[in-house]
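Structural overview
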Amino acid sequence: MQNKILIIGLGNMGMSHLESFIKKKFIIDIVENKNNKKINELKKSKFFHKNITIFSKIPKFQKYLLTISATQSRERFILIKEFLARNKTKYL
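Just so we're clear, the structure is a prediction, and the values are computed from it rather than from any experiment.

What counts as what
Residues numbered from 1 in each chain as written. Predicted model: local features only at pLDDT ≥ 70, side-chain atom pairs only at ≥ 80, totals over all residues. Heavy atoms only, no water. Helix = DSSP H or I, 4+ residues; strand = E, 2+ residues; numbered from the N terminus. Rg over C-alpha atoms; globule rule 2.2 N^0.38 Å. Buried < 20%, exposed > 50% of the residue type's maximum accessible area, 1.4 Å probe, protein only. Contact = heavy atoms within 4.5 Å. Lys, Arg positive; Asp, Glu negative; His and termini not counted. Charge placed at Lys NZ, Arg CZ, Asp CG, Glu CD. Core = buried A, V, L, I, M, F, W, Y, C linked by side-chain atoms within 4.5 Å.

**As for the overall build of the protein chain**
Helix and strand counts for the protein chain stand at three helices and five strands. In sequence order, the protein chain lays out its α and β elements as β-α-β-α-β-β-α-β. Its C-alpha radius of gyration of 12 Å places the protein chain within 12% of the 12 Å reference for a compact globule of 92 residues. For the protein chain, the spread of C-alpha atoms along the three principal axes comes to 35 × 30 × 20 Å. Sorting the 92 residues of the protein chain into buried and exposed places 36% on the buried side. Counted over contacts in the protein chain with a minimum sequence separation of 6, partners at least 24 positions apart contribute 65%. In the protein chain, which carries 20 positive and 6 negative side-chain charges, the distance between the mean positions of the two groups comes to 6 Å.

Dropping the structure here:
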């Protein structure tokens, strides 16, 4: 399993998680369905590099070391259920 991390949601909590992992050597996938200001700021920042990929939907048939759901509690259960139906993760 590669050192891949998935962050679902890029609000304040998602950005905090991203900042903590960005300096380490991880491949980071981000799922954000809204094209918000934080994505545009991230793409322009010095932290954005080739190891970060942004998706609008949850990717399929991937393996992750760590998956972080940084969403509202109502959405969290639905998104985790959808993620686990088509992907694998070591830590959730």
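**What to know about the nonpolar core**
Residues Leu10, Leu18, Phe21, Ile28 and Ile30 are the most contacted members of the largest nonpolar core, which totals 15 residues. Of all the secondary-structure elements, those providing two or more residues to this core are strand E1 (4-8), helix H1 (12-21), strand E2 (27-31), helix H2 (37-44) and strand E4 (63-69). By residue number, the principal contributor to this core is H1, which donates three residues. Counting residues in hydrophobic clusters, the runner-up holds six residues, among them Leu6, Ile58, Tyr64 and Phe83.

**Points about the environment of Phe26**
When you line up the elements, Phe26 lands in the loop between H1 and E2. The class for Phe26 is buried, based on a relative accessible area of 16%. Apart from residues lying up to four places away in sequence, Phe26 is in contact with Asn3, Ile5, Phe21, Asn51 and Leu65.

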